[in-house]
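Summary of structural features
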Amino acid sequence: MSNTDVSTDNEVIERSAGEPGAFATLYDRHARAIYRYAAQRIGDDRAEDVLSETFLVAFEKRAVYDLAVVDARPWLLGIATRLLRKHVRVEARAWKGMVADLAARLATDQIDQAGARVDAARRVRKLAGALRGLSPADRDTLLLYAWGDLDYAGIADALEVPIGTVRSRLNRARRLLRNAAGTSDTEQETEHGRTDPAAQHA
C-alpha cells in the first residue's frame, strides 16, 4: 500500500504539488460521491462529464486548497455544484422527474407525523412545487445536504459562504416544505445526527 492510500485528503493534495500522480487517490476516494450527486441533479448521461470536469478543475486549483481542511469532499462538491450551473436547462428537465422522489424523501417525517398516508400523493405534489420554487442558492444548499450528504460546515465550505448563511437557507427551505406539507413551523432545526462541524477541520 502506498503512502497516499493512508494519507488524509489534505495530505494527498499537499503531496500532489510535487507528485501530481498522488492526486489520483482523491479521485478513487470521492469519484463515486461526486458522480452520484451530479447524476441525481442532471441524470446519468451528463454526470460523467461533470465528474471529469470537477476533478480537472480540482487538480488545476489544488495549489489554493486550504490544507487546514482534512476532508476534500465538500470542496469537490462545491466545484461540482458550480459546474452544474452550466447545465441549468438540463437540470430543469431532469428536476421535473426527480423532484417528487426528493420531496417524498425529505418530507417522510411530515407525512408520517400527520398520519395522512391517504393524502401522501397530494402532499408530495405540493412539496414538488415548493422545491421547484426555491431560489438557486437555496436549492444548491438543500441538495448538498440531501444528496451531497454534507453537514452545515461542509456545505459552508462547498459554497464558500458563512455557516450562518447555510442555516438560514436550510431553515427557509424546510419552512417552505413544512408549509407545503401543511405541518407545523415550530420545530427547531437540527442536523439530524450529521457530523459535528468541527470535524471538518484539522
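Throughout, a residue's number is its position along its own chain's written sequence, starting from 1. Totals for whole chains, interfaces and linings use every residue, but because this is a predicted model, local features are given only for residues with pLDDT of at least 70 and side-chain atom pairs only at 80 or more, for both listing and counting. The side-chain quantities take in all heavy atoms of the structure and omit both hydrogens and water.

Going by an unreviewed UniProt entry, the protein carries the name DNA-directed RNA polymerase sigma-70 factor and comes from Microbacterium dextranolyticum. Per UniProt, the protein carries the Sequence similarities (unreviewed entry) text "Belongs to the sigma-70 factor family. ECF subfamily." UniProt positions are given in the numbering used here, feature names are shortened, and annotations may be inferred rather than shown by experiment.

In terms of helices and strands, the protein carries eleven helices and zero strands. Sorting the 202 residues of the protein into buried and exposed places 47% on the buried side. Every helix listed is a DSSP run of H or I at least four residues long, and every strand listed is a run of E at least two residues long, numbered separately from the N terminus. Accessibility here uses a 1.4 Å probe with only protein chains present; expressed as a share of the type maximum, an area under 20% marks a residue as buried, one over 50% as exposed, and anything in between as partly exposed.

A few words on the side chain of Arg62. Residue placement: Arg62 occurs in the loop between helix 4 (44–60) and helix 5 (73–84). For the buried residue Arg62, which engages in no salt bridge, the nearest side chain bearing the opposite charge is Glu60, 8.5 Å off. Counted charges follow a simple rule, with Lys and Arg positive, Asp and Glu negative, and His plus the chain ends left uncounted. Throughout this description, the term salt bridge denotes a Lys or Arg side-chain nitrogen within 4 Å of a carboxyl oxygen of Asp or Glu.

The next point concerns the nonpolar core. Counting residues in each nonpolar core, the largest one holds 47 residues, and the members touching the most others are Tyr37, Trp75, Leu144 and Ile155. For this core, the elements supplying multiple residues, two or more each, are helix 3 (24–42), helix 4, helix 5, helix 8 (120–132), helix 9 (136–146), helix 10 (152–159) and helix 11 (163–181). What Leu144 contacts, discounting residues up to four positions off in sequence, is Tyr37, Leu77, Thr81, Asp149, Leu150, Ile155, Ala158 and Leu159. Throughout this description, the term nonpolar core refers to a set of buried Ala, Val, Leu, Ile, Met, Phe, Trp, Tyr and Cys residues connected via side-chain atoms within 4.5 Å. Whether two residues are in contact is decided by their heavy atoms: any pair within 4.5 Å suffices.

Looking at the element boundaries, Gly78 is found in helix 5. Given a relative accessible area of 0%, Gly78 falls into the buried group. For the pair Gly78 and Asp157, spaced 79 residues apart in sequence, the C-alpha to C-alpha distance is 7.6 Å.

Turning next to the environment of Ala58. Along the chain, Ala58 turns up in helix 4. With 35 residues separating them along the chain, Ala58 and Phe23 place their C-alpha atoms 9.4 Å apart. Sequence-distant contacts of Ala58, defined by excluding residues within four places in its chain, comprise Phe23, Trp75, Leu76 and Ile79.

The final tally for this structure, using the stated rule, is five salt bridges. Where Arg85 meets Asp140, a salt bridge forms, and the shortest distance between an N and an O atom there is 3.2 Å. Of this pair, Arg85 sits in the loop between helix 5 and helix 6 (88–106) while Asp140 sits in helix 9; the two residues are 55 residues apart in sequence, bridging distant segments of the chain. For Asp140, a relative accessible area of 5% puts it in the buried group.

Multiply 1.5 Å by the residue count of a helix minus one, and that product is the helix's expected span. For helix 5, which comprises twelve residues, the first-to-last C-alpha distance of 16 Å matches the rise-based estimate of 16 Å (1.5 Å per residue) to within 8%. With eleven of twelve residues buried, helix 5 is to be regarded as a mostly interior element. Of all the positions in helix 5, only Arg73, Pro74, Trp75, Leu76, Leu77, Gly78, Ile79, Ala80, Thr81, Leu83 and Leu84 are classed as buried.

Moving on, we come to the packing of helix 3 against helix 5. Closest axis-to-axis distance for the helix 3/helix 5 pair is 10 Å, and the angle between their directions is 35 degrees. Seen along the crossing, helix 3 lies across helix 5 with a hand that is right-handed. Facing helix 3, whose interface residues are Leu26, His30, Ala33, Ile34, Tyr37, Arg41 and Ile42, helix 5 presents Arg73, Trp75, Leu76, Leu77, Ala80, Thr81 and Leu84. Residue polarity follows a fixed list, in which Ala, Val, Leu, Ile, Met, Phe, Trp, Tyr, Cys and Pro are nonpolar, Asp, Glu, Lys and Arg are charged, and the others, Gly among them, are polar. In the contact of helix 3 with helix 5, the residues fall into ten nonpolar, two polar and two charged. Angles run from 0 to 180 degrees between N-to-C directions of axes, and those axes are lines fitted to C-alpha atoms, restricted for helices to the stretch in contact. Crossing handedness is read from the near helix: turned anticlockwise from the far helix by less than a right angle, it gives a left-handed crossing, and turned clockwise, a right-handed one.

Another aspect to go through is the side chain of Ser16. Its location among the elements puts Ser16 in helix 2 (residues 9–16). What qualifies as a polar contact is a pair of N or O atoms within 3.5 Å, subject to a donor-acceptor requirement within protein and to the restriction that residues adjacent in sequence count only when both atoms come from side chains. At 3.1 Å, the side chain of Ser16 and the side chain of Arg62 are in polar contact.

Before going further, it helps to examine the packing of aromatic side chains. Ring geometry is summarised as follows: Phe, Tyr and Trp rings, the Trp one being its six-membered ring, pair when their centres sit within 6.5 Å, and such pairs are stacked at plane angles under 30 degrees, edge-to-face over 60 and tilted between the two. Under the criterion given, the structure shown has four aromatic pairs. Between Phe23 and Phe59, the aromatic rings sit 5.4 Å apart at their centres with planes inclined by 80 degrees, giving edge-to-face as the arrangement. In this pair, Phe23 is assigned in the loop between helix 2 and helix 3 and Phe59 in helix 4, connecting sequence segments 36 residues apart. Accessibility expressed as a relative area gives 5% for Phe23, which makes it buried.

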